[in-house]
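Observations on the model geometry
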Amino acid sequence: MTEISTQPLTADAFAPFGQVMEAVGEADKIINQGMCDRFHDRAEIITRGGRTGISIFDAKPRQLPYYLDMVEKHPLGSQAFLPMHQNPYLVIAAPDKAGKPDVPLAFIASPGQCINFYAGTWHGVLTPLHHPGLFAVVDRIADDANLVEHWFDAPYVIR
């Protein structure tokens with residue numbers, strides 16, 4: 001089995017796969033009578049041939065080492081994960097190599113970090129490391145197929 005070490009989730013490291021959203025630095029706007037910092041337009045939501053929806057996912061926590069045997073992608077829409085908790089979670093993404101996933105990368109998202117996978121990005125399933133595993137998910141809603149899974153011949157071990 002090939003081992004993969006986790007790395008901190010940063011906007012630069014994650015840029016090939018999507019966007020990291022977080023409320024850091026100076027706000028773009030101050031709203032609500034000066035009582036709210038707005039970090040404006042932090043992700044591009046794509047929903048080709050569908051509509052944009054918000055769902056709630058309640059995933060069971062996993063632990064490290066984590067055995068990654070499958071990744072998936074959604075060719076017709078982006079997928080944003082917004083944790084409804086203040087716990088770190090595991091984010092897995094893989095570059096595309098001739099239509100199949102190449103060696104995955106593993107990131108640890110810090111409390112307050114959200115992600116948005118670009119449409120067509122190979123990624124692991126939702127992987128909270130603590131309870132609760134509650135996330136709001138913004139993605140494409142339609143009745144057609146928008147899921148491609150790839151099962152690895154041997155799992156990767158993420159530490």
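Residues numbered from 1 in each chain as written. Predicted model: local features only at pLDDT ≥ 70, side-chain atom pairs only at ≥ 80, totals over all residues. Heavy atoms only, no water.

In terms of nonpolar packing, the biggest core is built from 16 residues, with Leu 9, Phe 14, Phe 81, Val 91, Ile 115 and Phe 117 touching the most fellow members. Secondary structure elements with two or more residues in this core: strand E9 (89-94), strand E12 (105-109), strand E13 (114-117) and strand E16 (134-141). For this core, the leading source of residues is E9, giving three residues. The residues contacting Phe 14, other than those within four sequence positions of it, are Leu 9, Gln 19, Val 20, Val 91, Ala 93, Phe 107, Ile 115, Asn 116 and Phe 117. (Core = buried A, V, L, I, M, F, W, Y, C linked by side-chain atoms within 4.5 Å. Buried < 20%, exposed > 50% of the residue type's maximum accessible area, 1.4 Å probe, protein only. Helix = DSSP H or I, 4+ residues; strand = E, 2+ residues; numbered from the N terminus. Contact = heavy atoms within 4.5 Å.)

It is worth spelling out the pairing of strand E7 (residues 66-73) at this point. The element E7 is extensively covered by neighbouring structure, given that six of its eight residues are classed as buried. By the bridge criterion, seven bridges tie E7 to strand E17 (residues 148-158) in an arrangement that is antiparallel. Looking across to E17, one finds that Tyr 67 is bridged to Val 157. (Pairing = 2+ DSSP bridges.)

Our focus in this paragraph is the sheet that holds E13. Here five strands make up an open sheet; going across it, the order is E3-E13-E8-E16-E6 and the pairing antiparallel. Of all the strands in the sheet, the pair left with one neighbour each is strand E3 (18-21) and strand E6 (51-58). Each adjacent strand pair in this sheet contributes to an overall mean axis angle of 20°, direction not counted. Pairing of E3 with E13 involves four bridges; the strand directions are antiparallel. Opposite Val 20, over in E13, you have Ile 115 as the bridge partner. (Axes fitted to C-alpha atoms, helices over the stretch in contact; angles between N-to-C directions.)

Here Asp 12 is to be found in helix H1 (residues 11-14). Given the relative accessible area of 71%, Asp 12 is considered exposed. As a C-alpha pair, Asp 12 and Phe 135 span 123 residues in sequence and 23 Å in three-dimensional space.

A complete count under the given rule lists three salt bridges for this structure. Among the ionic pairs, Arg 159 bridges to Glu 3, the shortest N-O distance being 3.0 Å. Here Arg 159 is found in the segment after E17, whereas its partner Glu 3 is found in strand E1 (residues 2-4), with 156 residues between them in sequence. Overall, the relative accessible area of 42% leaves Arg 159 in the partly exposed class. Its salt-bridge partner being Asp 28, residue Arg 42 comes within 2.6 Å of it at the nearest N-O pair. Taken together, the residues span a long stretch of sequence, with Arg 42 in the loop between strand E5 (36-38) and E6 and Asp 28 in the loop between E3 and strand E4 (29-31) at a distance of 14 residues. A residue is classified by how much of its surface remains accessible, and Arg 42, at 32% relative accessible area, is partly exposed. (Salt bridge = Lys/Arg side-chain N within 4 Å of Asp/Glu carboxyl O.)

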